[in-house]
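Descriptive analysis of the structure
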Amino acid sequence: MKMEQLKQQLRSVSGQALLTKLYGEEEVAAQTARYETLMGQFLEDFGDLDVSLFTSPGRSEIGGNHTDHNHGRVLAASINLDCVGIAAKVEEPVIEFVSVDYDQRIRIELDDIEYDPEEKGTLALVKGMLKGFKEFGYQIGGFKAYITSNVISAAGISSSAAFEMLICAMLNAFYNEGRMDVTSYAHIGQYSENHYWLKASGLLDQMACAVGGLITIDFKDPKHPQVEPVAFDFEKQNYNLMIVNTGKGHADLSAEYSSVPEEMKSVARFFGKEVLRDVDPEDLKNNLAAVRAKTGDRAVMRALHFFYENERVADEVEALKKNDFDAFLEMITASGNSSWKWLQNVHFQAEEQGIAVALAYTEIFLKQKGVGACRVHGGGFAGVIMAMIPSELAEEYTEYMENLLGKGNVYRMSIRSIGAVCLDGMI
C-alpha cells in the first residue's frame, strides 16, 4: 500500500492495538513515532512506492547455553527489542537497503551472490542468505528497504539473527507467497553465518527470533527441530527478566565462539559420532584418560557442560509447567555456574573480564536480597548477562548496576508472542 495509507492504518485502533501487543502499552507512542520516522526516510530516499512493514525480535536464551550446535535442547524467548523494516518489491534484480542505525547503504546485484572472502559484515551476510534461499529451493528478487534496530549489537541477544529473520520475512512475502516456515528461515540464516561469516553457529538464535514467544526447542534432528510453546508468564510471578550490557561487544570473537562447538565435537568424534547428543556420558567417564589425551581437558569440560545443561533444559521446562518457580531459579543458577566453570565462556583473557565482573556484582546483590538468579547470556566471553529479578527490586538493581557499569546498560525485557513477520494484514 502507499505510504499515507500505511500511516493511517498504523494510527488506527487496530494498528495501535498491534503495537501494544508487540511492545507494551507504555511504548505505543514511541513506537508509532519510530515507525513513522522510518516511513519518512524511505519516502524521501526511494519515493512513494507500494510498501510493507516487517518486524523481527531479538531473543533471550533462558536455558541451554551452547547446546544447540551439538543437537541439544534450549529454552528461549523472543523479546520486545526488535529489528523493523519498511520495504517495497521492485522489478530490477537488485536489493538496496539502508541500515539507519549503522549508517550503511547496501546494494547487491542478484547475479553476484557467490562467496567472496574479501567481503565482510552485512554485505557478506545478506549475500549468504540469498545464496541460502536458492540452495533451499526458494525464490529471490529485488526490493528496496529502510531498516532500523534497537536490538543491542554484538551483545548476545541476536541482533544479527533478528536482522536475518527480517530479510527472510521480506523475501518470503515478496517472492515466496508467504509459504515458507520459520524453520526454513532459521536454516537460511545459519547457512549464511556458517558459509559466509565462517561462524559455527547453531540454530537457536534464528529459531527463537523467527518463532516468537517462550519456547523450548529440541535440535536432536536439526533439519526438523521440535518446537513447543511454554505457557508461562514471568511477570505474573512478579519477576523481571533483566539484561545487563557489560560494555564489550563480541563481534571480533568468532574464534572463541567457534572453539566451543568444535571442542565438543572433538569429544564426539572420539566415539565415532558427529555431535555430543549421540554420545553416552558414561562412555566419557569410562574412557576419560584416553579422551583427555586426545582432545585436551577443556574439550572434556565443555562436553560435561553439554551433557548436564541439556538435561537441565528439560527440567527447567518441567518446573515452569508445574509452576515451581523456585526450582526453576535454582536451575538458572546451576546453568550459570556450569557455563562459568565447565563451559568456560565467561572470559577469554585475564585483563578483560566484563562478564565476570557483572556476574560477580549481581551475585553479591542477589545474595544480600536472598532472591533471584543470574547467568552468562548467549555465546558469552563478552556482551551481556541475564538476571531474574523480583519486580519490586528491578529499579534498585538497575540503579545498582548502572552505577557500576554506566547509564543505559540495564534493560528490563518483556517476552513478545510474535516472531519475524510481515505486518500487512495484521493491522
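One can find the structure itself at the top, above this paragraph.
A short tour of the structure in this document, coming up.

Parameters and conventions
Residues numbered from 1 in each chain as written. Predicted model: local features only at pLDDT ≥ 70, side-chain atom pairs only at ≥ 80, totals over all residues. Heavy atoms only, no water. Helix = DSSP H or I, 4+ residues; strand = E, 2+ residues; numbered from the N terminus. Buried < 20%, exposed > 50% of the residue type's maximum accessible area, 1.4 Å probe, protein only. Contact = heavy atoms within 4.5 Å. Areas by Shrake-Rupley, 256 points an atom, 1.4 Å probe, with all protein chains shown as cover. Pairing = 2+ DSSP bridges. Axes fitted to C-alpha atoms, helices over the stretch in contact; angles between N-to-C directions. Core = buried A, V, L, I, M, F, W, Y, C linked by side-chain atoms within 4.5 Å. Salt bridge = Lys/Arg side-chain N within 4 Å of Asp/Glu carboxyl O. 1 Å grid on protein atoms, 1.4 Å probe; cavity = no way out; pocket = protein on both sides within 12 Å on 5 of 7 lines; lining within 4 Å. Points joined across faces, edges and corners; volume = space filled by probe spheres on them.

1. So, the overall build of the chain
Per the secondary structure count, the chain includes 14 helices and twelve strands. Viewed in the frame of its principal axes, the chain has a C-alpha envelope of about 65 × 50 × 40 Å. Residue burial in the chain is summarised as follows: out of 427 residues, 56% are buried. Nonlocal contacts in the chain, meaning residues at least 24 apart in sequence, comprise 73% of its contacts between residues at least 6 apart. When the accessible surface of the chain is summed, it comes to about 17,800 Å², and 47% of that surface belongs to carbon and sulfur atoms.

2. So, the sheet that holds strand 10 (residues 384-390)
Strand order in the open sheet formed by four strands is 9-10-8-11, and the pairing between neighbours is antiparallel. The open sheet has two edge strands, strand 9 (373-376) and strand 11 (410-413), and neither has a second partner. Shown here is a sheet whose adjacent strand axes are inclined to one another by a mean of 25 degrees, direction ignored. By the bridge criterion, four bridges tie strand 9 to strand 10 in an arrangement that is antiparallel.

3. Remarks on the nonpolar core
Formed by 65 residues in total, the largest nonpolar core has its most connected members in I62, M170 and F328. If you tally residues by element for this core, the top one is helix 5 (residues 159-175), at twelve residues. In this structure M170 touches F54, G85, A87, F143, A145 and I147, once residues within four positions along its chain are discounted. One finds L18, Y35, L38 and I86 within the second-largest nonpolar core, a separate group that totals 22 residues.

4. A short note on the pairing of strand 10
A regular strand carries its side chains on alternate faces of the sheet. Taken across its seven residues, strand 10 has seven buried, putting it largely inside the fold. Covered by surrounding structure in strand 10 are V384, M386, M388 and P390 together with I385, A387 and I389, the residues of both alternating faces. Relative to strand 10, strand 8 (residues 239-245) runs antiparallel, the two being bridged by seven bridges. From the neighbouring strand, N245 faces strand 10, where its bridge partner is V384.

5. Looking at the pattern of salt bridges
Taken as a whole, this structure holds 27 salt bridges when the rule is applied. E311 is the partner of R73 in a salt bridge, and the nearest nitrogen-oxygen pair spans 3.5 Å. Of this pair, R73 sits in strand 2 (residues 73-89) while E311 sits in helix 11 (residues 297-321), and the two are 238 residues apart along the sequence.

6. Examining empty space enclosed by the protein
Taken as a whole and assessed by the stated rule, the structure comprises one cavity of 30 Å³ or more. Surrounding the largest cavity, V90, E92, V94, I95, E96, R107, F143 and K144 form its lining. For the lining of the largest cavity, the secondary-structure elements that each account for two or more residues are strand 3 (94-99) and strand 5 (143-149). The biggest single contributor to the lining of the largest cavity is strand 3, with three residues.

7. A word on unusual backbone geometry
Phi is positive for N238, close to 60 degrees, though the residue is something other than glycine. Within the secondary structure, N238 sits in the loop between strand 7 (226-229) and strand 8. With a phi close to 60 degrees, N323 is a non-glycine residue in the positive phi region. Structurally, N323 is set in the loop between helix 11 and helix 12 (325-343).

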